[in-house]
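What follows is each chain in one-letter form.
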Amino acid sequence: SRDASVVAVCLLHAMANAACAGSGKAAVAQLKARHGSDSPSTSDAGHTFIVLGSLPSCACDAFCTFAREKPEDLTWRFYHQWLNDAVFWSGSSHKDLWNRLYEEHKDALSPDEAIPNISSVDGVGVTNNCPSDGLKWPETNSPCQFSVTTGDDRSVEGLCRGVAEGLKLMYAHCKASRPAPLFKAKRYTLALPVVGGNTPGFREQMGYILSAVFDAIDEVIAELGCDVVFCCWSKVDYNMVQSLRSRRASAFSTFWAGLKSDTVELLKQEAERLGHLAVEGRLVVFAGAGISIGAGLPSWNELLGVLASNVSPPINTSDPEWQRLDVLTKADILAKRSHKSLGEQIAEIFKDYRRCSVMHQLMAGLNCNEFVTTNYDVLLETALTNHLGAASFSVLPSKPSTSPKWVLKMHGCVTNPSSVVLTRQDYIRYNDRAAALGGIVQAKLMTNHMLFVGFSLTDDNFFRIADTVRKSLPDGTVFGTNLMLEEAKLQQELWEGQLQFVNMSEKTESPDFGALGRRLAIWVDYLCMLIGSQCCPILDRRFDAVKTPGQVQLAKSLESFLTDVSAEARATKEFEMLNAVIQCFSTNALEGGS
């Protein structure tokens, strides 16, 4: 019977998943035996973040791509051609850097010789693709880039062995060549793409493969204590990976194990509450400077310090008088002493920061259509471009469009230095220059739920906007949630009945803002999993292996429906609307899921 066939398919899938899980663990066990490593304690284990984005724009210490060629076929000439031809690298700062280094050092390279294979594991090739002396990448904001290949080995175990060996060698290189992680990170961070999707024989069993690959990654990060960013290139892959992760018993288990039970319960409840709001389309993100710290950008005080060193005469920022001044007074003094506008100087400082932090990428995965930010940089927009496409959202006020998705730059942007709001005069004139922007924020506070991330709630312009909302709404109306690294009792008292607060610290902890920032990122990753797993691409055949019995049954029903729809019916507006919904579950819904 039809039901019996569905049960049989699911049983076979479960057996295959168990076999693939064994493949991932077996591959890592072989490498452990070879390297002789011991695992750190649970609290020191790393974490795997899932994001929708591209490797070249990811702020990390190292990333790798996967090649189908044999190790001996990965030559400098081959890599140079691949890097410059692939759409994947279009507009990438890494591509520009690599080409510059290649031109500087190509006379010392043999273009047709294989890039040295640094792996000692049989059948696995790992190359450090830096074309400079000693394979050393420039220190500033330059992740190392590696390639991994398993040559003719098309087995799942071989792929997992390649993933594990690539992570281990990238981590070892970063530890040996750099004294600390890049981008102010608490731990070394390594980035990977979705692996196996374009390899012949692998595409049809992506569900099996991803289960095994996650097992391999879990083993390695438990051993090394580094973090991994798993970059999904398409929305379908992202939703499927999130759905798969939500059913893994090991997902976030290490994270929760490091916290007290009451903290775990509270954080899970808050994530579920915000997740429901996001799925319902009622969540608006307000992003402050805190989300850009993980991309290496300076904090407010650090930025003022850089500007202070550029003015004439320079300002001694250790002077007690300077330190007693508020931010706006400092900005006024800097503006008076500067020959160039502060906006132009900030644009010059920020121009080299082109890689998104994990938080930028996670914000883009919250399934929100509307974002407000006080940040001058364009990294949130970069993350959203990876997630939505550049033409699918507006940037207000500079690039308006009819799209319902937008980013509102409340304090200006480095793409238009004259729009930057920093001095007291800028704040005084804000209502005259940007009253319409304030009106949008007010409307969203009154009609949606605003999620504040990396924002200190001390901005005068926001206070004016929020005060208008306070006077318009009934007492006790909660219009937002503020994510905090540590408890702020007085601030919570000030906003009582209007904002809910979610704190990452526990009462007995000494504040370690690096560790708390990482905890916040992991919690937002959990929130993204709750949201992303709500739309599993059940019509994508690559993931048959990880579908539930109900999803298998629904997929068969939808495929039958799409197959039976006549050409006349397809031409109707009603089918167009219905198919738009079905496309959420497949990349090829219009063709009947084939």
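**Here's the deal with the sheet that holds strand β12 (residues 480–484)**
Within a sheet, each strand pairs with its neighbour through backbone hydrogen bonds, oriented either parallel or antiparallel.
Reasoning step 1: Here we have 7 strands laid out as an open sheet, ordered β9-β10-β8-β7-β11-β12-β13, and parallel in their pairing. The outermost strands of the open sheet, each flanked by one partner alone, are β9 (394–396) and β13 (499–503). Within the sheet, the average angular offset between the axes of one strand and its neighbour, ignoring direction, is 20°.
Reasoning step 2: Sheet topology places strand β7 (residues 283–287) next to strand β11 (residues 449–453); 5 bridges connect them, and they run parallel. Across the sheet, the residue bridging to phenylalanine 286 is phenylalanine 452, located in β11.

**Some words on helix α2 (residues 76–85)**
Residues lying three or four places apart along an α-helix face the same way, a consequence of the helix completing one turn every 3.6 residues.
Reasoning step 1: Those residues of α2 not exposed but buried are Trp76, Tyr79 and Leu83. One face of α2 carries all of its buried residues, which in axial projection span an arc of 65°. Seen from the buried face of α2, the exposed residues on the opposite side, beyond 90 degrees, are Gln81 and Asp85.
Reasoning step 2: Buried residues along α2 sit in contact with α3 (93–105), β3 (125–128) and β4 (144–149).

**Examining the pairing of strand β2 (residues 62–67)**
Reasoning step 1: The element β2 is extensively covered by neighbouring structure, given that 5 of its 6 residues are classed as buried.
Reasoning step 2: Strand direction decides the pairing type here: β2 and β4, joined by 6 bridges, are parallel. Considered in β4, the bridge of threonine 65 is made with serine 147.
Reasoning step 3: Here 2 bridges tie β2 to strand β5 (residues 189–193), and the two strands are oriented parallel to one another. Paired with alanine 62 across the two strands is leucine 190, which belongs to β5.

**Describing the nonpolar core**
Among soluble globular proteins, nonpolar side chains are generally buried collectively.
Reasoning step 1: Counting residues in hydrophobic clusters, the biggest one holds 109 residues, and the most contacted among them are Ile217, Phe230, Met363, Leu366, Trp523 and Val524.
Reasoning step 2: Excluding anything up to four places from it in sequence, tryptophan 523 contacts Phe255, Trp256, Leu267, Glu270, Ala271, Leu274, Leu483, Val502 and Met504.
Reasoning step 3: In terms of nonpolar packing, the next biggest core, distinct from the first, is built from 29 residues, Val421, Phe462, Ala466 and Phe501 among them.

**Section: the pairing of strand β6 (residues 227–232)**
Reasoning step 1: Most of β6 sits out of view: 6 of its 6 residues are buried.
Reasoning step 2: Covered by surrounding structure in β6 are Asp227, Val229 and Cys231 together with Val228, Phe230 and Cys232, the residues of both alternating faces.
Reasoning step 3: Pairing of β5 with β6, which is carried by 5 bridges, proceeds in the parallel orientation. Note on β6: the bridge partner recorded for proline 193 is cysteine 231.

**Re the sheet that holds β6**
Reasoning step 1: One open sheet holds the 6 strands; their spatial order is β1-β6-β5-β2-β4-β3, and the pairing between them is mixed. Each of the sheet's edge strands pairs with one partner strand only, and the pair in question is β1 (48–52) and β3. Averaged over neighbouring strand pairs, the angle between their axes works out to 25° when direction is ignored.

**Quick word on the packing of aromatic side chains**
To describe a pair of aromatic rings, one takes the distance between the centres and the angle between the planes.
Reasoning step 1: The full count for this structure, using the stated rule, is 18 aromatic pairs.
Reasoning step 2: Seen in terms of ring centroids, tryptophan 300 and tyrosine 376 are 6.1 Å apart; in terms of plane orientation they differ by 75°. Their pairing is edge-to-face. Taken as a pair, tryptophan 300 in helix α9 (residues 300–310) and tyrosine 376 in the loop between β8 (370–373) and α14 (379–388) lie far apart in primary sequence, 76 residues in all.
Reasoning step 3: Exposure remark for tryptophan 300: the relative accessible area of 32% places this residue in the partly exposed category.
Reasoning step 4: Of the residues examined, tyrosine 376 reaches a relative accessible area of 4% and is grouped as buried.
Reasoning step 5: One aromatic cluster in this structure is built from Phe286, Phe452, Phe455, Phe462, Phe463 and Trp495.
Reasoning step 6: Looking at arginine 470, its charged tip hangs above the ring of tryptophan 495, at a distance of 4.1 Å from the centre.

**Looking at the side chain of glutamate 506**
Reasoning step 1: Along the chain, glutamate 506 turns up in the loop between β13 and α19 (513–532).
Reasoning step 2: No salt bridge is formed by the buried glutamate 506; its nearest oppositely charged neighbour, arginine 519, is found at 4.8 Å.
Reasoning step 3: A polar atom in the side chain of glutamate 506 sits 2.9 Å from the backbone nitrogen of lysine 260.
Reasoning step 4: Side-chain polar atoms of glutamate 506 contact the side chain of threonine 263, separated by 2.7 Å.
Reasoning step 5: Residue contacts for glutamate 506: discarding those within four places in its chain leaves Leu259, Lys260, Thr263 and Arg519.

**Quick look at the packing of α2 against α3**
Reasoning step 1: Contact pair α2 / α3: the axes reach a minimum separation of 11 Å and the direction vectors enclose 145°. The chirality of how α2 crosses α3 is left-handed. Judged by residue contacts, Trp76, Tyr79, His80, Leu83 and Asn84 of α2 engage His94, Lys95, Trp98, Asn99 and Tyr102 from α3.
Reasoning step 2: Its residues placed into classes, the contact of α2 with α3 shows 5 nonpolar, 4 polar and 1 charged.

**What to know about the environment of glycine 532**
Reasoning step 1: Relative to the elements of secondary structure, glycine 532 occurs in helix α19.
Reasoning step 2: The class of glycine 532 is buried, set by a relative accessible area of 4%.
Reasoning step 3: Here the alpha-carbon distance between glycine 532 and serine 246, two residues 286 residues apart in the chain, equals 9.3 Å.
Reasoning step 4: Once residues within four sequence positions are removed from consideration, glycine 532 is found in contact with Asn239 and Gln242.

**Some words on unusual backbone geometry**
Reasoning step 1: In the segment running from serine 312 into proline 313, the intervening peptide bond is cis, with an omega of -5°.
Reasoning step 2: Among the structural elements, proline 313 can be located in the loop between α9 and α10 (320–324).
Reasoning step 3: Backbone torsion omega between leucine 396 and proline 397 reads 10°, so that peptide bond is classified as cis.
Reasoning step 4: One can find proline 397 in the loop between β9 and β10 (406–409).
Reasoning step 5: Non-glycine residue lysine 184 carries a positive phi angle of around 60°.
Reasoning step 6: Relative to the assigned elements, lysine 184 resides in the loop between α4 (156–177) and β5.

**Observations regarding the pattern of salt bridges**
Reasoning step 1: A complete count under the given rule lists 25 salt bridges for this structure.
Reasoning step 2: The salt bridge involving lysine 184 is made with glutamate 302; its shortest N-O contact spans 2.8 Å. One end of the pair, lysine 184, is in the loop between α4 and β5; the other, glutamate 302, is in helix α9, and 118 residues separate them in sequence.
Reasoning step 3: Exposure remark for lysine 184: the relative accessible area of 42% places this residue in the partly exposed category.

**Quick notes on the confidence of the model for the protein chain**
Reasoning step 1: Looking at the protein chain as a whole, its pLDDT mean stands at 85, while 87% of the residues score no less than 70.
Reasoning step 2: Contacts for the low-pLDDT stretch residues 1–21, under 50 throughout, to residues beyond four places or in other chains number 26 contacts.
Reasoning step 3: Note on residues 588–594: pLDDT under 50 across the span, and 16 contacts to partners over four residues away in sequence or across chains.

Calculation notes
- Residues numbered from 1 in each chain as written.
- Predicted model: local features only at pLDDT ≥ 70, side-chain atom pairs only at ≥ 80, totals over all residues.
- Heavy atoms only, no water.
- Pairing = 2+ DSSP bridges.
- Helix = DSSP H or I, 4+ residues; strand = E, 2+ residues; numbered from the N terminus.
- Axes fitted to C-alpha atoms, helices over the stretch in contact; angles between N-to-C directions.
- Buried < 20%, exposed > 50% of the residue type's maximum accessible area, 1.4 Å probe, protein only.
- Arc of directions from axis to C-beta.
- Contact = heavy atoms within 4.5 Å.
- Core = buried A, V, L, I, M, F, W, Y, C linked by side-chain atoms within 4.5 Å.
- Phe/Tyr/Trp six-rings, centres within 6.5 Å; stacked < 30°, edge-to-face > 60°.
- Lys NZ or Arg CZ within 6 Å of the ring centre and 35° of its normal.
- Lys, Arg positive; Asp, Glu negative; His and termini not counted.
- Salt bridge = Lys/Arg side-chain N within 4 Å of Asp/Glu carboxyl O.
- Polar contact = N/O pair within 3.5 Å; in protein donor to acceptor, adjacent residues only side chain to side chain.
- Left-handed = near helix turned anticlockwise from the far one by under 90°.
- Nonpolar A, V, L, I, M, F, W, Y, C, P; charged D, E, K, R; others polar.
- pLDDT = per-residue confidence, 0-100.

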